[in-house]
Amino acid sequence: MAGDGGEVTLLGHWGSPFVTRVRLVLRLKGVSYSYVEEDLRSKSDLLLRCNPVHRSVPVLIHDGRPVCESRVILQYVDEAFGSPGDTLLPADPHERAVARFWAAYFDEEMGAPWDRALRAGSEEERAAWMQKVVEAADGLERGLSECTGGGRKGCFFGGERVGYVDVVVGGVVSYVHATARVSGERVFQDEARTPLLAAWLRRFGELGVARELLQDVDRVVDYVRFIHAKNAGKAPPAN
Ligand SMILES: N[C@@H](CCC(=O)N[C@@H](CS)C(=O)NCC(=O)O)C(=O)O
């Protein structure tokens, strides 16, 4: 039964989209867990012991054994909890490979440049990285179309229900809205350019699990402005 089989602890940080995706999967799989908020400027000994290689959150500790890297954690939770027939990743090996492909695409082609944009030292540099994110959304639109038969099988990457890729992408939803407010880039929100992603964004945001767990957008807006100012060498606004 979900949640059975040992104590579960998640080391996280409220602003991290990688942590958000883990919180989403734990809730979707019905796993009870304790949450420990990390100060990333002064990491705990527990975090450094559990993730000595990357020293990053999220880390999931199950029965004393750490699992690191968010996509690895999602797959671990999917396999270790819940009933075997009720997984986020599809049962069919080819469909599973397709889901893993698009999850990796999202992290590499969208998440990585988005992070560079967040930490850019100038407005020009930030805009150039965001342009890469917006362009990569065209590829993700293709992925959503592939996973849903052009939208005929449902609006999520998992079809009618949320699957692995939805959780991976779902971690950034508050950043999508915060980015639109801070710098005007409408990632996923362009109905003409990425209609399936625009519908995905609306439907995902309406899910109970998303309403409950996604970060407050106002708080993310302040956080994004704080990081922009810090990296531009200006005195950051009070956070
Ligand atoms: N590839 C990692 C990325 C995790 C990551 O970048 N976490 C950030 C927070 S969003 C972190 O802990 N950074 C450590 C630091 O700031 O020193 C994953 O998927 O878990």
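Residues numbered from 1 in each chain as written. Predicted model: local features only at pLDDT ≥ 70, side-chain atom pairs only at ≥ 80, totals over all residues. Heavy atoms only, no water.

### Side note on the side chain of Lys 29
Looking at where Lys 29 falls in the secondary structure, it is placed in the loop between helix H1 (17–28) and strand E2 (34–37). At 3.1 Å, the side chain of Lys 29 forms a polar contact with the backbone oxygen of Asp 86. (Helix = DSSP H or I, 4+ residues; strand = E, 2+ residues; numbered from the N terminus. Polar contact = N/O pair within 3.5 Å; in protein donor to acceptor, adjacent residues only side chain to side chain.)

### Details of the packing of helix H7 (residues 173–183) against helix H8 (residues 195–206)
Following both chains from N to C, one finds H7 and H8 inclined at 120 degrees, their axes separated by 11 Å at the closest point. In terms of crossing hand, the pair formed by H7 and H8 is left-handed. Touching Val 173, Val 176 and His 177 of H7 are Trp 200, Leu 201 and Phe 204, all from H8. Taken together, the residues of the contact of H7 with H8 sort by class into five nonpolar, one polar and no charged. (Axes fitted to C-alpha atoms, helices over the stretch in contact; angles between N-to-C directions. Left-handed = near helix turned anticlockwise from the far one by under 90°. Contact = heavy atoms within 4.5 Å. Nonpolar A, V, L, I, M, F, W, Y, C, P; charged D, E, K, R; others polar.)

### Thoughts on the pattern of salt bridges
Evaluation of the coordinates by the stated rule reveals twelve salt bridges. A salt bridge links Arg 27 to Glu 212; the nearest nitrogen and oxygen atoms lie 2.0 Å apart. With Arg 27 in helix H1 and Glu 212 in helix H9 (residues 208–213), this pair connects stretches of sequence that are 185 residues apart. Residue Glu 123 is joined to Arg 126 by a salt bridge in which the shortest nitrogen-to-oxygen separation is 2.6 Å. With a gap of three residues between them, Glu 123 and Arg 126 both fall in helix H5 (residues 123–148), about one helical turn apart. It is possible to trace a salt-bridge network through shared partners that takes in Arg 21, Arg 71 and Asp 107. (Salt bridge = Lys/Arg side-chain N within 4 Å of Asp/Glu carboxyl O.)

### Quick word on the sheet that holds strand E4 (residues 65–68)
Paired through backbone hydrogen bonds, the strands of a sheet run either parallel or antiparallel to each other. Sheet architecture is open: four strands sit in the order E2-E1-E3-E4, paired in mixed fashion. Sheet topology places E2 and E4 at the edges, where each strand pairs with a single neighbour. For this sheet the average axis-to-axis angle between neighbouring strands, irrespective of direction, equals 20 degrees. With four bridges joining them, strand E3 (residues 59–62) and E4 adopt antiparallel strand pairing. (Pairing = 2+ DSSP bridges.)

### Quick word on the domain arrangement of the protein
On domain assignment, one finds that the protein holds domain 1 (8–80) and domain 2 (93–229). Centre-to-centre separation of domain 1 and domain 2, based on C-alpha positions: 21 Å. Taken residue by residue, the interface counts 15 residues in domain 1 and 22 residues in domain 2. Carbon and sulfur atoms make up 64% of the area that domain 1 and domain 2 hide from each other, which totals about 1800 Å². (Domains from an automatic or database assignment. Buried area = accessible area lost by both parts, 1.4 Å probe.)

### Things to note about the packing of aromatic side chains
Inspection of every chain in the model, using the stated rule, returns six aromatic pairs. Measuring from centroid to centroid gives 5.2 Å for Trp 102 and Tyr 105, while their planes differ by 70 degrees, and the two rings are edge-to-face. With Trp 102 and Tyr 105 both in helix H4 (residues 93–118) and three residues apart, the pair spans about one turn of that helix. For the pair formed by Trp 102 and Tyr 105, the shared burial category is buried. Where Phe 188 meets Trp 200, the ring centres are 6.0 Å apart and the plane angle is 80 degrees; that geometry is what we call edge-to-face. With Phe 188 in the loop between H7 and H8 and Trp 200 in helix H8, this residue pair connects regions lying twelve residues apart in the sequence. Here Phe 188 and Trp 200 have matching classes, each one buried. Lying over the aromatic face of Tyr 35, Arg 23 brings its terminal NZ or CZ to 4.1 Å of the ring centre. One cation-aromatic arrangement involves Arg 219 over Trp 14; the distance from NZ or CZ to the ring centre is 3.8 Å. (Phe/Tyr/Trp six-rings, centres within 6.5 Å; stacked < 30°, edge-to-face > 60°. Buried < 20%, exposed > 50% of the residue type's maximum accessible area, 1.4 Å probe, protein only. Lys NZ or Arg CZ within 6 Å of the ring centre and 35° of its normal.)

### Focus: the environment of Ala 128
Here Ala 128 shows up in helix H5. You can call Ala 128 partly exposed: its relative accessible area is 45%. Sequence separation between Ala 128 and Pro 113 is 15 residues; the distance between their C-alpha atoms is 9.2 Å.

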